[in-house]
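So you can see what is in the structure, the chains are spelled out below.
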Amino acid sequence: SGAFGGGADVSVGGRPNGLAVGDVDADGDMDFLASIVGGNVVALRLNDGSGTFSAAANADAGANFQAVALGDADGDGDLDLLSPVFTGNGMRVRFNQPLAPVLTSLSPAAELPGQAVILTGTGFTAGSSVSFGGVAAGGVTYNSPTSLTAVVPLGTGTGSSAVVVSTANGSSAGSPAFEVLQVYRNTAASGCLSTDPLTLTGSGGTGAWRYLRLPGAGGAVVAAIEDTRNLGTVAAGFAALGTATSASVRVDGSGARAYLDRSFYLTATNATFPGQTVRVRFFGLNTELTRLQAVDGNATLAGLNASQYSGANEDCDLSNNAPSGDRRLLSAPATVVSGADWFTAQATVADHFSEFYLTGASAPLPVELLTFTAERRNGGAVATAWATASEKDNRGFVVQRSPAGRSFTAVSGLVPGAGSSAAGHAYAWTDAAAPAGALYYRLLQLDTDGTSTYSDVVAVGPAPAVSASVLMLWPNPARSAVQVRGAAPQAPVSLLDATGRPVRTTTTDEAGTGSVPLTGLPTGVYVVRTGAATARLVIE
C-alpha cells in the first residue's frame, strides 16, 4: 500500500554507511548486514522470521571499505560477503562459513519405529543423515535447509532417545525430547485395561493421528484416532490374551466366527457424531494375526474387518454383549511395516464409538443362538425348536438330520429369519417323517450374503420314547461318574457323544444297574444307550 508502520529500530553498534539484505543463515527469512564507518567490520543481524533481528558475530571486512553486497561467490549455495575497497582499487570477498546443523524440534515428539518424523532446525543439507538412539535412520528426505523427514529405524530402543542430524559440516549438539514408542506386547493376559485419556478438538486435521497409550512411563500403544472431530476427552479400553498364550484363537458364541486375541472399546466426552466419521487405527501383533489366519483364511491383511457392538456391557468381552445391542461390520484393512512384528488395522467409524473386535468374518460377530432342541413326540415325529437373542442380515434356517451324527441332509425347507432385529425370536419345525431309530439334528443358519453357520448337534432317541422310569441316570447333570438304573441285567451300556461315537462302555450287574466313569470327557450333552433304551446326560 506504500504505508509503513510498526517495527523497531535495530542497533548495529556503530554508524552504518552500507546495507545488504539476504538469507545469510539459510533459514528462509531475510537477514541484513550493515557496514560500520571506521569500524572495519560488517554488523550481521539475523531475522527470527517475525521481523525481529538479533545480533550475530560481526564479520571483519578489513580497512577502507564502504559498502557491502551479498552473493554466492563460490557456488556452494550460500551467500558470501563482497565489499569494494576505496583505497586499493579492488574488491574484498569474505566467504560464508558453513555451520553444523542445529535441531530445534521434532514432530511428533513420540513415534513408533517404522513411522516418519519431521525434523526442524537449520543447516540441513541434501546429504544429511539422522540417527535415533545411535541407530541410523534408513529413510531420510531432505525438504529444505530447515526441514528433514526421517523414519524411526526398527531396532531402536524404546523410551527416551537422542536424535542427531549430521552433515558434512558437523553434527547437531543436543536433542529435543523424543520418545520411541512400542505396541502392547505383554506375555500374560491383560484383563481389561484403560488407556490414559487424551483431548481431541479436531484442530489437527487429516493425517494428525493421536496415540491411545496405557498409563505409566513407556506406556504401550493400543490404538490411534485421527484428530478431525471435536471429541473432547477420549480413552480406550483394551484386552489381550498375551504373547505367551498357547490357547486357540477366540471364537464367538456360535463357534463359527473367529476373532483376534485383542479387544477394544472407545469412549469420548462427545462419543456420538451423527452424519460424520472418524478414522481409527487398531494395533496388534503379527503372531496374533497368524493364529487368527490359521482358523480363518479370510483374515488376510486386506480382508480384515472390525465388528462393532454398541449396547450394554461394552467392556472388552464379546460373550456378555446384550441381545438388544446394535452390531455392524466395518472394513479394517491392515498394513505391516517391513521388518516390524506388529500391524495396524484402520477403520472409518461412523456416528459413534463403542466396542470393536478384529475378524476375517464377512458379517458382524453375532450373539450366540440361545437354544436349539429336538424331541421325539407320540407317533414318532420329532419336534425341533430354537430361539435367537438377536439377528443380523438373517435370511433363515434349515433343519438337517443324520442317522449317525456324521453326514447330514436337509429335511426342512427354508424357515425364514427376521432379517436384522435387535429383538429375540422363537422358531419351530416338526419332522413328521422322522425314522424310528436314534437320530441327530442340527440347524443351518444362512445370512443374506451367503454366509452360513451351524448349531450344535442334538440327539433324539428312537421311537417309542423310553420312559424315565425304565432307564434312569443319577446324578444328571454329572461330573465324575453317572449311575445307570432300569437296564436289563448283564446288559452292555454305551455313552455316546454328540456325533454318535461311543466314548465309554460298561456292563450292568444282576440288578440292571451300572456306573459309567466320566473323568476326562469334555462338558456337553451325551446319550446313554442300552438296548433300545436311551437317556440324555449332561456332563458339567
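Our structure's up above, just so we're on the same page.
Scope of this entry: the structure provided in the associated data block. Worth saying up front: this structure is predicted, and the values here are computed from it rather than measured.

Strands sit in the order β10-β19-β16 across an open sheet of three strands; the sheet is mixed. What marks the edges here is a single partner per strand, and that holds for β10 (110–111) and β16 (159–160). Sheet analysis places β16 next to strand β19 (residues 179–180), joined by two bridges and oriented antiparallel. Along β19, the bridge assignment pairs G159 with V180.

Okay, helix α1 (residues 286–295) next. Buried residues of α1: E288, L289 and L292, and no others. Buried residues of α1 fall within an arc of 95° about the axis and therefore sit on the same side. If you follow the buried residues of α1, they end up packed against β24 (232–240), β26 (258–268), β27 (272–285), β31 (342–352) and β32 (355–359).

Moving on, we come to the sheet that holds strand β13 (residues 135–136). As summarised here, the arrangement of the four strands in space is β13-β12-β17-β18, forming an open sheet in which the pairing is antiparallel. With partners counted over all chains shown, the strands left at the sheet margins are β13 and β18 (170–171), one partner each. By the bridge criterion, four bridges tie strand β12 (residues 129–132) to strand β17 (residues 163–167) in an arrangement that is antiparallel. The residue bridging F132 from the neighbouring strand is V163, located in β17.

On the secondary structure map, H352 appears in strand β31. Its relative accessible area of 18% is what places H352 among the buried residues. For H352, the side chain forms a polar contact with the side chain of S310, separated by 2.8 Å. Filtering out sequence-adjacent residues up to four positions away, H352 remains in contact with A271, T272, F273, Q308, S310 and R328.

Moving on, we come to the environment of T508. Structurally, T508 can be placed in the loop between β45 (502–507) and β46 (514–517). Taking relative accessible area as the criterion, T508 reaches 2% and is therefore assigned buried. Separated by 2.6 Å, the side chain of T508 and the backbone oxygen of A488 make a polar contact. A distance of 3.1 Å separates the side chain of T508 from the backbone nitrogen of Q490, its partner in a polar contact.

Procedures and definitions
- Residues numbered from 1 in each chain as written.
- Predicted model: local features only at pLDDT ≥ 70, side-chain atom pairs only at ≥ 80, totals over all residues.
- Heavy atoms only, no water.
- Pairing = 2+ DSSP bridges.
- Helix = DSSP H or I, 4+ residues; strand = E, 2+ residues; numbered from the N terminus.
- Buried < 20%, exposed > 50% of the residue type's maximum accessible area, 1.4 Å probe, protein only.
- Arc of directions from axis to C-beta.
- Contact = heavy atoms within 4.5 Å.
- Polar contact = N/O pair within 3.5 Å; in protein donor to acceptor, adjacent residues only side chain to side chain.

Functional significance is not addressed by these values, which are geometric in nature.
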